[in-house]
Amino acid sequence: MSQRPHNCCGDYTRSQLLRSAAAEAGKGLPIIEPGMPEPAGTGLSRRKFLSRSAGLALAVYGASKIPLSAFETGIAQAATGDKVLVSVFFDGGIDALSVLAPVGDPRYSQLRPNLALSPETGTPFSEDTRLNWHPAAASLATLHAEGKVSAFPAIGYDHPDQSHFTSRHFYEVGELAVGFRTGWLGRYIDLVGDSENPLQGLSMDGSLSPMIATAEKPVAAIDSVDGYDLWAPVSDPIDSEMYRSFARFGALPADSPALAQVRKATAQTDKLRQDLGGIGGFTSPVAYPDTYFAHKLAGLAAFIAAGLPMRAVTIRAAGGYDTHSDQAGDLESNLRETCEGLLAFQRDLEARGLADRVMTEMWSEFGRRPEENGSAGTDHGAAGCAFVIGSKAKGEMVGEFPGLASLDANENVRVTSDFRAMYCALLEQWLGQDAGPIIPGASGFARPTLVKA
Amino acid sequence: MGRTSRRANLLKGTSSPADNPEEPHRVFPRMAIPRTPEKAAKPKRHHRRHRLHVWKDKHYRWVPDGNGDWRVQGYMYRHHHKPKRGHFRGPGKKPARRAPAPAAAATFNPDPRPPGAYQGPFGVEQATRLINRAGFGPVPGQAEHLASLGLVGAVQSLTRPSGAATLSGPPPVDDDGAPIAPADVWGHDHIWWLDRMVRTDQPLVERMALVFHDWFATSIDGVSKPQQMIDQSNLFRSACFGSFLDLFRAVTIDPAMLQWLNGAENRKGAPNENYAREMMELFSLGADRGAYSEDDIREQARALTGWRYDWSGEQGAHNFRFDPRLHDTANKTVFGQTGNWGWEDACRLCVENPLHPSFFVAKLWSYFVPQPPSAAIADGLISTYRGSGWQIRPVLETILISPDLYEGPAMVKPPVVQLAGMLRALGRYVDTDAWTWLCEPAGQVLFRPPNVSGWDDTRWLDTSRMRARWNIVDYALDGISVDAWNGSYSTTESADEALARAVASWGSPALRAEHRAELLDFSQRAEKTVAASWQRGPYRAMRQNALLQLIGISPDTILQ
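Residues numbered from 1 in each chain as written. Chains lettered and ligands numbered in written order. Predicted model: local features only at pLDDT ≥ 70, side-chain atom pairs only at ≥ 80, totals over all residues.

## Looking at the packing of helix α10 (residues 257–276) of chain A against helix α19 (residues 463–476) of chain B
It is the contact of α10 of chain A with α19 of chain B, at a shortest axis distance of 9 Å, that shows an interaxial angle of 85°. Between α10 of chain A and α19 of chain B, the crossing angle belongs to the class labelled roughly perpendicular. The residues of α19 of chain B that touch α10 of chain A, namely those facing Ala265, Thr266, Gln268, Thr269 and Leu272 of chain A, are Thr463, Met466 and Arg467 of chain B. Of the residues that constitute the contact of α10 of chain A with α19 of chain B, the class distribution is three nonpolar, four polar and one charged. (Axes fitted to C-alpha atoms, helices over the stretch in contact; angles between N-to-C directions. Helix = DSSP H or I, 4+ residues; strand = E, 2+ residues; numbered from the N terminus. Parallel < 35°, antiparallel > 145°, perpendicular 65-115°, else oblique. Contact = placed C-beta atoms within 7 Å. Nonpolar A, V, L, I, M, F, W, Y, C, P; charged D, E, K, R; others polar.)

The following block contains the structure:
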C-alpha cells in the first residue's frame with residue numbers, strides 16, 4: 001500500500017483541505033488520514049465507508065494522485081442534499097392485473113379462468129376496493145399503507161405499441177418516437193450534470209440503461225456494488241503509468257463513431273476506477289433479503305450514505321416479466337424478490353436518515369392482455385402499472401383503474417394516465433427541473449402531484 | 001491451480017499451497033453472479049539498504065530506432081564507486097543493422113472484380129479487416145495468405161468452404177484439464193462455441209452462426225436442455241449460406257425456438273402469439289414499417305398452431321412434433337391473403353411480404369458494415385436476394401466485396417469476437433472455463449442473449465463492460481505475462497525492445513501511430529521509475545505486462 005505522508009497538519013477539516021487543494025489547483029489533493037475530522041456540517045460518513053472497505057484506506061481521497069476533480073465538487077454538491085431518483089424497470093411487461101388484481105371486477109375471473117387471483121388473496125388496495133395487492137407485493141402494500149406509494153393502475157400512452165422494444169424505447173426516451181439517442185434522465189443529466197462525474201447517472205445492471213444515455217455528460221454502469229478494479233500483474237509504480245496511458249487512449253481524437261465510443265468508454269472507465277477503486281465492502285443498518293437484487297439496493301443505499309454524487313440510478317427488477325406461459329409461478333417469485341428488496345431499501349434509507357433524499361420509480365413497457373392465453377400465461381397488452389415510492393411520495397393514486405367492462409380496440413386495458421406526465425412531475429416536483437427542455441410536448445401534460453409538499 | 005493463486009504467484013514468485021477446492025468462480029452451479037476474484041496482494045518489496053552515495057554519470061548506448069537501425073541514447077549511469085576520469089562512457093561500436101521486416105504484400109493480386117465491388121488495393125490491411133468481420137481475426141500469417149488470394153478469392157475462400165470444418169489444435173479443457181461437457185456443465189456451452197471460433201478453418205461459418213444466433217436470438221433461459229441450444233447453433237452452421245426461407249422454416253420448428261417463444265404452447269382455440277409477433281417484428285419484417293398489423297399477428301398465431309412436445313423429468317422437453325388435432329384449420333387472413341395457412345405458409349408469407357427483402361438485406365448488412373447501405377447498394381442487394389430465390393450467400397458475398405466494408409469506418413467487436421480473436425492472435429487455446437463468467441459482465445454469453453432481439457450492437461461499451469474487457473485481456477495474457485519477481489527478466493531491455501516484444505506477442509497487429517507513440521512513451525516513462533538496481537528486472541517485467549495489457553485493451557484490438 002503506497003500511503004504517502006501528507007503535508008498538512010491534523011487539525012484541518014476536510015472541507016478546509018478541499019479548499020486549500022482547490023487553491024493549489026493541479027497540485028493534487030492532500031491525503032486524508034484516518035482520524036481526521038469529518039467535513040464540517042455535511043454529516044458525511046464517507047470516510048468511514050471507505051475505511052471499512054476491506055480495510056483499505058485507499059480511495060478517492062487517500063493515495064490520491066487525482067487532481068481535485070469535479071468528482072469532489074460532485075460530492076460537495078451531493079452533500080448539500082441533492083435529490084436522487086432511482087428507476088426500477090420490470091423487464092418484459094409486468095402483468096398489472098396481477099400486481100393490483102381487479103378481484104372486484106366481474107369480468108376478471110371470466111377473462112382469467114386459470115390465472116385470476118381469488119378475492120381472498122392479498123391485501124385490499126385502499127384507494128380502489130375493486131383491487132387487491134398481489135400477495136407477492138405485500139411489501140409494497142405495507143409501504144402504501146404508510147402513505148409512501150403513489151400507484152398508477154393504468155399507465156401508458158395513446159395508440160399503445162405492443163412491441164417490447166418499441167414500447168420500452170418510448171419509456172426510456174420519454175417520447176413516442178423511435179430512434180432517440182438520449183434517455184429522458186440522460187437529458188436531465190446533460191442539463192444539470194457535471195462534465196467530470198460519471199456517477200451522476202449510474203446503471204447497476206452491468207450495462208448502461210438507455211434511460212440515462214446522455215449526449216455529452218459522462219454516466220456509468222457497474223455490475224457489482226462490491227468493487228470496481230482493473231486486474232493486471234502490474235503493481236506500483238508501473239501501474240500508475242499504465243493507467244495514465246490507458247486514460248490517454250481515451251483522450252486522443254477519433255475519426256469514426258466507433259473509435260469515439262471506445263475512447264469515451266476508456267476515459268470513463270479510468271475515471272470510475274479512480275472514483276470507486278477503493279470501495280470494497282459495506283454494512284447496512286437493516287437486514288436485507290439474501291437476494292442479488294436486494295444486495296444491489298443495499299450497496300446503493302451505502303453509496304448514497306457515503307455521499308457519492310449520484311442523481312439518477314437505474315436498476316432492473318429481479319427476474320423477467322414476459323410471462324407468456326406459466327405466469328403464476330414466475331411472477332410470484334420475481335415480484336416478491338423485487339418488492340421485499342425495495343421495502344428493505346426504504347427501511348435502510350429511513351434508518352440512515354436519507355429517506356427524504358431518495359425517490360424510487362417503478363415501471364414496465366406495457367401491461368398484459370386481460371384475457372389469458374392457452375399456456376397459463378398472458379400476451380402483450382397496453383396499459384400497465386407504475387409506482388412512485390418514497391417517504392416524500394404523495395401516496396395518492398394517479399388515474400383510476402378503468403375496469404375490464406370496456407377494453408380498447410385490441411381487447412387491452414385502457415390507459416388512464418400518461419407516463420410522460422409522470423416524468424414531468426418527477427422532474428419538476430422531485431428533481432426541481434423544468435420538464436420543458438427534457439420531455440417533448442411537456443406543456444401538454446397535466447402534472448399529477450407526486451411529491452408531498 | 002486456481003486462477004487467484006496463479007495470479008498471486010505471478011506477482012509474488014512463490015509457489016502456491018495446495019489447490020484451493022473452493023475456487024470462487026466454480027462454486028456456483030447455475031447462478032450467473034460472477035464473483036470477483038480477490039485482488040492479488042501487492043508484492044512485498046525487497047527492501048535493500050540505500051547506498052549512501054552513488055556517482056551519477058551520463059553514458060551513451062545503442063538502442064533500436066524502431067526502423068531496424070540503431071540510434072544513440074544517453075542515459076544516467078549510476079557508479080557505485082567513484083569513476084575514473086576519462087573512463088569509457090559509450091556508445092561503442094554500432095551493432096549491425098538488423099534485417100528489415102518482411103515487406104507486407106506490397107503488391108496485390110489484381111483479381112477480376114465485379115462492378116460495384118471495392119476496387120482499391122487488397123493487401124494485409126484489407127485482408128485483416130475482412131477476416132475480422134467475416135471471422136474472428138487472423139492467426140499469424142492468415143491475413144498475408146488471404147491477401148495473396150485477391151479480394152474475390154479471399155471472400156470466396158470464406159463463403160464457399162468445402163466439407164466439414166477442421167478444428168486444429170488441442171481440444172478445449174476446463175480449469176482442471178478435463179474435457180469440457182457442453183451439454184451438462186453450466187458454462188461449458190459457451191466455451192464449446194468459443195473453442196470452435198478459435199480453432200476452426202471455416203471462420204465465416206462460425207461467424208454466420210453467431211449472426212443468426214443474434215438474429216433468431218434464443219436463450220437457454222427458456223430452453224430445457226443445453227443440447228437443444230447446441231443443436232440450434234448447428235442448424236445455423238449448416239444453413240447459413242443457403243435459402244433464408246429454408247432457414248426460417250427450420251428455426252420456426254426448432255425445439256429450442258418452440259420452447260423459447262412458446263411455439264409449442266400455441267394451440268387451436270388457445271393461441272399464444274409470442275412467436276407470431278417476433279417472427280414478423282424481429283426475424284423478417286421489422287417494427288414500425290407498416291409491414292403488418294396487430295390483426296396479422298393474431299391470424300398468424302393461428303396459422304402456427306399444432307406443435308407440441310412431451311415433458312418428463314428425465315428428458316425435459318422432447319419428442320417435438322406436429323399434431324394435426326392441435327392445429328387450427330379454419331381460414332386465416334395474413335397480409336390480406338386468406339387461406340388455411342399452416343406453419344410453412346406462415347414463414348413463406350413473411351418472406352413474400354414486399355417489405356421483407358429490404359429488411360433482410362439491411363439487417364445482414366448491419367452485421368458487417370456500421371453505416372447503412374446507400375439506396376443504390378440496397379436496391380442492388382434486394383434484387384440479388386430476390387433474383388436468387390432468397391439465397392443468403394449471394395447477398396453475403398456482395399456485402400463482403402463492397403467498398404463500404406474496406407473504406408468505411410470501424411466497428412466495435414462483440415466481446416466474444418474480441419476474445420476469440422485475442423486467443424487466435426496469442427496462439428492460445430481454450431484451457432479454462434473462466435471465459436463464461438468473464439464474458440458475462442462484458443455483455444455476451446453465448447446461448448444467453450439478453451432477449452429475443454439479440455445483442456444491442458450500439459451498446460457494447462460502457463464503464464462496466466469496458467472493465468470486463470480489461471479483465472478478459474488480463475486473463476487472455478495468463479501464461480504470456482511474465483513473472484516479475486523470479487529474477488529472470490532482462491535488466492537491460494530498452495523501451496523500444498519492450499514494445500517490440502509486446503507487439504510480437506500479440507501476433508504483430510497493425511497499431512495506429514498515435515497508439516504506438518503512446519505505448520512507447522509509456523515504455524520510456526516506466527523505465528524512468530527504476531530507482532534502484534534491484535528494480536531493473538522486476539520493473540521491466542511489469543512494464544512488459546503493462547504493454548501487453550495496454551495493447552489488448554487498445555482501440556486497435558477492440559475495433560474491427
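## A look at the domain arrangement of chain B
Taken domain by domain, chain B holds domain 1 (243–353) and domain 2 (477–560). The C-alpha centroid of domain 2 of chain B is placed 55 Å from the C-alpha centroid of domain 1 of chain B. (Domains from an automatic or database assignment.)

## Overview of the sheet that holds strand β7 (residues 312–316) of chain A
All names here are of chain A. With mixed pairing, eight strands are arranged side by side in an open sheet as β6-β5-β7-β1-β8-β9-β4-β10. What marks the edges here is a single partner per strand, and that holds for β6 (220–221) and β10 (417–418). As defined by bridge partners, strand β5 (residues 201–203) adjoins β7 across three bridges and the pair is classed as parallel. By the bridge assignment, Gly201 is partnered in β7 with Ala312. Contacts between helix α6 (residues 138–145) and the sheet are confined to β4 (149–156) and β9 (384–389), with β4 contributing the most and set at about 120° to the helix. (Pairing = 2+ DSSP bridges.)

## A few points about the interface of chain A and chain B
Residue-level contacts link 54 residues of chain A with 61 residues of chain B. Those elements giving two or more residues to the side of chain A that touches chain B turn out to be α7 (164–173), β6, α9 (238–251) and α10 of chain A. Split into classes, the residues belonging to the side of chain A that touches chain B amount to 27 nonpolar, 20 polar and seven charged.

## Some points on the domain arrangement of chain A
Here chain A is described as being made up of domain 1 (1–68), domain 2 (84–191 + 280–444) and domain 3 (231–276). Inter-centroid distance (C-alpha atoms) of domain 2 of chain A to domain 3 of chain A is 37 Å.

## Topic: unusual backbone geometry
A cis amide bond links Asp236 of chain A to the next residue, Pro237 of chain A, at an omega of 5°. Following Gly90 of chain B, the chain continues into Pro91 of chain B via a peptide bond in cis, with omega recorded as 0°. Mapped onto the secondary structure, Pro91 of chain B falls in the loop between β2 (70–79) and α2 (124–133). One non-glycine residue, Asn319 of chain B, lies in positive phi territory at about 60°. Looking at the element boundaries, Asn319 of chain B is found in strand β4 (residues 316–322).

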